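# Observations on the model geometry
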Amino acid sequence: MSTAILIDGAFFLVRLNSLYHAWPGLSDPDQVATIIHRTALGMLKQGETEARRNLYRIFFYDCPPLQKRVTLPVSRQTRNYAQTDMATFA
């Protein structure tokens with residue numbers, strides 16, 4: 001059975017960063033793609049029943065990072081979201 005997997009990019013990257021915060025490979029997109037592929041294959045094996053599952057495709061949805069400078073409502077400080085680590089990585 002062919003199986004497609006949909007990944008919410010923003011959630012996955014935040015979760016990956018919280019699990020492997022000190023790992024230097026998180027700044028390399030090729031390493032992150034390898035982790036995504038291995039995770040997808042692991043998920044297919046995890047739910048294995050009588051029918052064999054093959055990975056058809058991984059759909060990775062992630063919108064472009066916010067490029068605005070905003071004023072925070074409580075502290076009145078400005079934050080430039082274009083210069084965050086997540087925006088730089090994306």
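Located above this text is the structure these notes cover.
One structure accompanies this document, and this report is about it. Think of each chain on its own: its residues are numbered from 1, step by step along the sequence as written. Where local features are concerned, this predicted model is filtered to residues with pLDDT of at least 70; where side-chain atom pairs are given and counted, the filter is 80 or more; whole-chain, interface and lining totals use all residues. The basis for every side-chain value is the complete set of heavy atoms in the structure, and neither hydrogens nor water enter the calculation.

Bringing the layout of surface pockets into the picture now. Points on a 1 Å grid, built from protein atoms alone, make a cavity when a 1.4 Å probe fits but cannot get out and make a pocket when they are open with protein on both sides within 12 Å along at least 5 of 7 lines; residues with an atom within 4 Å of a point are the lining residues. Grid points are joined across faces, edges and corners, and a volume is the space filled by probe spheres set on the points. Each pocket or cavity is described by its volume, and for the largest pocket that value is around 300 Å³. Contributing elements (two or more residues each) for the lining of the largest pocket: helix H1 (9–19) and helix H3 (85–89). Note on conventions: DSSP H or I runs of at least 4 residues are helices, E runs of at least 2 residues are strands, and numbering of each starts at the N terminus. The biggest single contributor to the lining of the largest pocket is H1, with 4 residues. Classifying every residue of the lining of the largest pocket gives 8 nonpolar, 3 polar and 1 charged. If you add up the space inside the second largest pocket, you get close to 180 Å³. Lining the second largest pocket we find 10 residues, and of these Leu13, Val32, Phe60, Asp62 and Phe89 sit closest to its centre. Take the lining of the second largest pocket: its biggest share by element is 4 residues, from helix H2 (residues 29–46). For this scheme, ten residues count as nonpolar: Ala, Val, Leu, Ile, Met, Phe, Trp, Tyr, Cys and Pro. Four count as charged, namely Asp, Glu, Lys and Arg, and the remainder, Gly too, count as polar.

Bringing H2 into the picture now. For a helix, the expected span equals 1.5 Å multiplied by the number of residues minus one. For H2, with 18 residues, the first-to-last C-alpha span of 25 Å sits near the 26 Å given by 1.5 Å per residue. Exposure classes here rest on a 1.4 Å probe applied to the protein chains alone. A residue is buried below 20% of its type maximum, exposed above 50%, and partly exposed in between. Taken as a whole, H2 has its buried residues at Val32, Ile35, Ile36, Ala40 and Leu44.

By secondary structure assignment, the location of Ile35 is in helix H2. As a C-alpha pair, Ile35 and Leu16 span 19 residues in sequence and 9.2 Å in three-dimensional space.

Bringing H1 into the picture now. The complete set of buried residues in H1 reads Gly9, Phe12, Leu13 and Leu16. Buried residues along H1 cover an arc of 95 degrees about the axis, so they all sit on one side. On its buried face, H1 is in contact with strand S1 (2–8), H2, strand S2 (54–61) and H3. In this description, the arc belongs to the directions extending from the helix axis to the C-beta atoms. What makes two residues a contact is simply this: any of their non-hydrogen atoms within 4.5 Å.

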